[in-house]
Amino acid sequence: MEFEKAASDSSLQGEILFINTDSVISQYALAEEKRKFLEQKNLNRERQLRGKQGQYEAELKKYQKEQPILTQREQAKAEEKLMKLQNEILELQQQFQQEALAEEQALVLMLADTLESFMLEYAQGKNIKYVLGYQRDGSIFYKNPRLNITGEVIEALNQRYKP
């Protein structure tokens, strides 16, 4: 298997190694595919929300146009309808935000699980003690570029993942 070849080529056995997690996330084909899928879902949500907002604006214009000739009872009914639409929009926004956040968290967890299981295989037969995840705003403040295995990991992950 090509993964085994890539994993066994490393001369960094027995060291503390690191990967740039941002690079893995941006260059791993599975992560990119899932991110595009989530972006499309978010665009669909935005379209749905804009449609609901358009419906509200149309109802508001209609009400403003007809208000002078409406009875108090008709005005109250129209205002109630507008308030209901406004509440639906707010609820839809909250629902969509929660769904998007949950899906993003699920993606992060899935990628972390994939990376962790990959690292278990990667470290077999090597005397690797740790593989740290580095990101620019993280808590690792110095990294020796010689210990960077990001490219090797991305290559092996992408060889392993065939869409």
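To start, this report covers the structure provided alongside it.

Calculation rules
- Residues numbered from 1 in each chain as written.
- Predicted model: local features only at pLDDT ≥ 70, side-chain atom pairs only at ≥ 80, totals over all residues.
- Heavy atoms only, no water.
- 1 Å grid on protein atoms, 1.4 Å probe; cavity = no way out; pocket = protein on both sides within 12 Å on 5 of 7 lines; lining within 4 Å.
- Points joined across faces, edges and corners; volume = space filled by probe spheres on them.
- Helix = DSSP H or I, 4+ residues; strand = E, 2+ residues; numbered from the N terminus.
- Core = buried A, V, L, I, M, F, W, Y, C linked by side-chain atoms within 4.5 Å.
- Buried < 20%, exposed > 50% of the residue type's maximum accessible area, 1.4 Å probe, protein only.
- Contact = heavy atoms within 4.5 Å.
- Salt bridge = Lys/Arg side-chain N within 4 Å of Asp/Glu carboxyl O.

Some words on the layout of surface pockets
Any space left empty among the atoms is revealed by the rolling of a water-sized probe across them.
Thinking step 1. Roughly 310 Å³ of internal volume is contained in the largest pocket.
Thinking step 2. If you trace the largest pocket, you find 19 residues lining it, with Thr21, Ile25, Leu111, Ala112 and Leu115 closest to the centre.
Thinking step 3. Mapped by element, the contributors of at least two residues to the lining of the largest pocket are helix H2 (21-27), helix H3 (29-66), helix H4 (72-123) and strand S2 (130-134).
Thinking step 4. Ranked by residues supplied to the lining of the largest pocket, first place goes to H4 with eight residues.

So, the nonpolar core
Thinking step 1. Within the largest apolar cluster, 23 residues are counted, with the highest numbers of intra-cluster contacts made by Tyr28 and Val153.
Thinking step 2. Residue assignment for this core shows that the elements contributing at least two residues are strand S1 (16-20), H3, H4 and helix H5 (150-160).
Thinking step 3. Not counting residues within four places of it along the chain, the set of residues in contact with tyrosine 28 comprises Ser23, Leu111, Thr114, Leu157, Asn158 and Tyr161.
Thinking step 4. By size, the runner-up hydrophobic cluster in this structure holds ten residues, among which are Leu49, Leu70, Ala78 and Leu92.

Digging into the pattern of salt bridges
Thinking step 1. All told, the structure shown has nine salt bridges when counted by the stated rule.
Thinking step 2. Between lysine 52 and glutamate 88 there is a salt bridge, and its shortest N-O distance comes to 2.8 Å. Taken together, the residues lysine 52 in helix H3 and glutamate 88 in helix H4 connect sequence positions 36 residues apart.
Thinking step 3. Exposure remark for glutamate 88: the relative accessible area of 25% places this residue in the partly exposed category.

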